[in-house]
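# Observations on the model geometry
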Amino acid sequence: FVIHALLIVTVILSPATAAAQSEKDATGEDTYPPLWDLAPENLMDFQVKDNKIVINAWNYQERLGVYKNLLNSSAKYFTAFGSQNSGNILWGLPLQHGWQFRTGRLADPSSVTSCGYEDGDLLCISVRSWWSCMNYYLAIIPFLGAVEAGLFGQLQYEIEILPPEERRADFCYSVADCRSRFPKLMDEWKAYFEVNNSTFFFHIFPATFSSFKLDDALRLMWRAHVTSIAYALPKFQDSLKYLSDPEANFGEDWANAVDFIAATHFSTDLQTTNNFQAFLPQRMLVEGDVLPSISDFSPQQNRVLLSLRALHRANQLTGGLVLKLWRKAMSTEAGRQMGRKLIEDLASS
């Protein structure tokens, strides 16, 4: 099983092993998501109205602020893993969101409104964007799970998330609302943030910090991450119609790839995530973009996107067998090390 899974994925990904070397340095200005310094950094920086902290999750700066609060409040648990909170494994979430913003993926793809466009409301996040709806389940629900778990302590006010103009029934807007509608998903994010979980690093006794296992944290984080995507994918399938066929295919290829990445317990700290994201497309794909010959993409980007497409197709054609074999191969730490090495080679060769 182990050999078969590794061989299959290695063969599929091998054309991409010369992927883009990250041009960003861990101290460069592009290291952080766009507008990171301007995002709200504590909960009281958001609007307080009627004894509630009100967050507009359909504004890029405010959704980014949700991530910033998660990073800031969990920073003390990652001091041993890098300076300036760089070792925090939650960095993967805001960095991915920043890439979506920078590449125009949060704007209204139907072009009916000016939401997300420079000549309109640039910071607007469109509810018609497949990427933004998927991301909601990787931003607001983890955040509310953290609130429920006590990451922010005893809050003076309840948290309320403003609904979008459309599709209100597809989202939840408070701890109680999300708990009643998505109990399993809330449980998994809460488990990651659980303050009194003695097997995890959020432990009430500092003396036990030495027993911290980063792998346990990554396992819980990725389990919740994959569950979020599993909930959101069928819900927003109809939003793919607003995208070009190449972009819609890429979105689904990317969601499929996350399952493979998650199985390796891949570290999503600041530098590793930046290195890994270097090969992602710098703009949305349009009709006429044909892999591996997109002229304004590097050869490495073309090959990586083609590899993601091939991996998704192989998994579909085998009825998910490739992923099952891969997960079997990743069931030991030795296997996961091999898997991570394969993924890291994509971004550094």
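Everything discussed here concerns the structure shown above.
Remember, predicted model here, so these are calculated numbers, not experimental data.

### Observations regarding the packing of aromatic side chains
- In total, this model carries 24 aromatic pairs according to the counting rule given.
- Aromatic side chains Y192 and F193 sit 4.8 Å apart centroid to centroid with 80 degrees between the ring planes, which places their arrangement in the edge-to-face category.
- Residue classification places Y192 among the buried positions, given a relative accessible area of 0%.
- F193 sits in the buried class, given a relative accessible area of 0%.
- One cation-aromatic arrangement involves R63 over W58; the distance from NZ or CZ to the ring centre is 5.0 Å.

### Side note on the environment of P163
- Here P163 shows up in the loop between strand 3 (158–161) and helix 6 (175–181).
- A sequence separation of 10 residues divides P163 from Y173, and the C-alpha atoms of the two residues are 7.0 Å apart.
- Excluding residues within four positions of it along the chain, P163 makes contact with W58, R168 and Y173.

### Side note on the layout of surface pockets
- Approximately 320 Å³ is the volume found for the second largest pocket.
- The wall of the second largest pocket is formed by 15 residues, among which C115, C124, I125, V127 and E165 lie closest to the centre.
- Tallied by class, residues from the lining of the second largest pocket come to eight nonpolar, three polar and four charged.

### Side note on helix 11 (residues 299–317)
- Taking 1.5 Å as the rise per residue, helix 11 with 19 residues should run 27 Å; its terminal C-alpha atoms sit 27 Å apart, in good agreement.
- For helix 11, the set of buried residues is Q301, N302, V304, L305, S307, L308, R309, L311, H312, A314 and N315.
- G319 sits one or two positions beyond helix 11 and adopts a positive phi of about 65 degrees.

### Description of the sheet that holds strand 1 (residues 47–49)
- As summarised here, the arrangement of the three strands in space is 1-2-3, forming an open sheet in which the pairing is mixed. The sheet is open, and its two edges are formed by strand 1 and strand 3, each paired on a single side. Shown here is a sheet whose adjacent strand axes are inclined to one another by a mean of 35 degrees, direction ignored.
- By the bridge criterion, four bridges tie strand 2 (residues 52–55) to strand 3 in an arrangement that is parallel. The residue bridging I55 from the neighbouring strand is I161, located in strand 3.
- Helix 5 (residues 140–149) contacts strand 2 and strand 3 of the sheet and is inclined by roughly 170 degrees relative to strand 3.

### Re empty space enclosed by the protein
- One pass over the structure, following the stated rule, counts three cavities of 30 Å³ or more.
- Considered as a void within the structure, the largest cavity measures approximately 380 Å³ in volume.
- Lining the largest cavity are 25 residues, and of these Q96, L138, H225, W254 and V258 sit closest to its centre.
- Where the lining of the largest cavity is concerned, the elements lending two or more residues are helix 3 (92–102), helix 4 (130–136), helix 8 (214–235), helix 9 (245–263) and helix 10 (270–277).
- Element by element, the count of residues in the lining of the largest cavity is highest for helix 9, at five residues.
- Classifying every residue of the lining of the largest cavity by side-chain character gives 16 nonpolar, nine polar and no charged.

### What to know about the pattern of salt bridges
- For the coordinates displayed, the defined rule picks out 17 salt bridges.
- Among the salt bridges present, the one from D170 reaches R167, with a minimum N-O distance of 2.8 Å.
- With relative accessibility at 24%, the residue R167 sits in the partly exposed group.
- The partner of R309 in a salt bridge is D253, and the shortest N-O contact between them spans 2.8 Å. Of this pair, R309 sits in helix 11 while D253 sits in helix 9, placing them 56 residues apart in sequence. With respect to class, R309 is no different from D253; both count as buried.
- The network of salt bridges with shared partners includes D215, E333, R336 and R340.

Rules used throughout
Residues numbered from 1 in each chain as written. Predicted model: local features only at pLDDT ≥ 70, side-chain atom pairs only at ≥ 80, totals over all residues. Heavy atoms only, no water. Phe/Tyr/Trp six-rings, centres within 6.5 Å; stacked < 30°, edge-to-face > 60°. Buried < 20%, exposed > 50% of the residue type's maximum accessible area, 1.4 Å probe, protein only. Lys NZ or Arg CZ within 6 Å of the ring centre and 35° of its normal. Helix = DSSP H or I, 4+ residues; strand = E, 2+ residues; numbered from the N terminus. Contact = heavy atoms within 4.5 Å. 1 Å grid on protein atoms, 1.4 Å probe; cavity = no way out; pocket = protein on both sides within 12 Å on 5 of 7 lines; lining within 4 Å. Points joined across faces, edges and corners; volume = space filled by probe spheres on them. Nonpolar A, V, L, I, M, F, W, Y, C, P; charged D, E, K, R; others polar. Expected span 1.5 Å × (residues − 1). Pairing = 2+ DSSP bridges. Axes fitted to C-alpha atoms, helices over the stretch in contact; angles between N-to-C directions. Salt bridge = Lys/Arg side-chain N within 4 Å of Asp/Glu carboxyl O.

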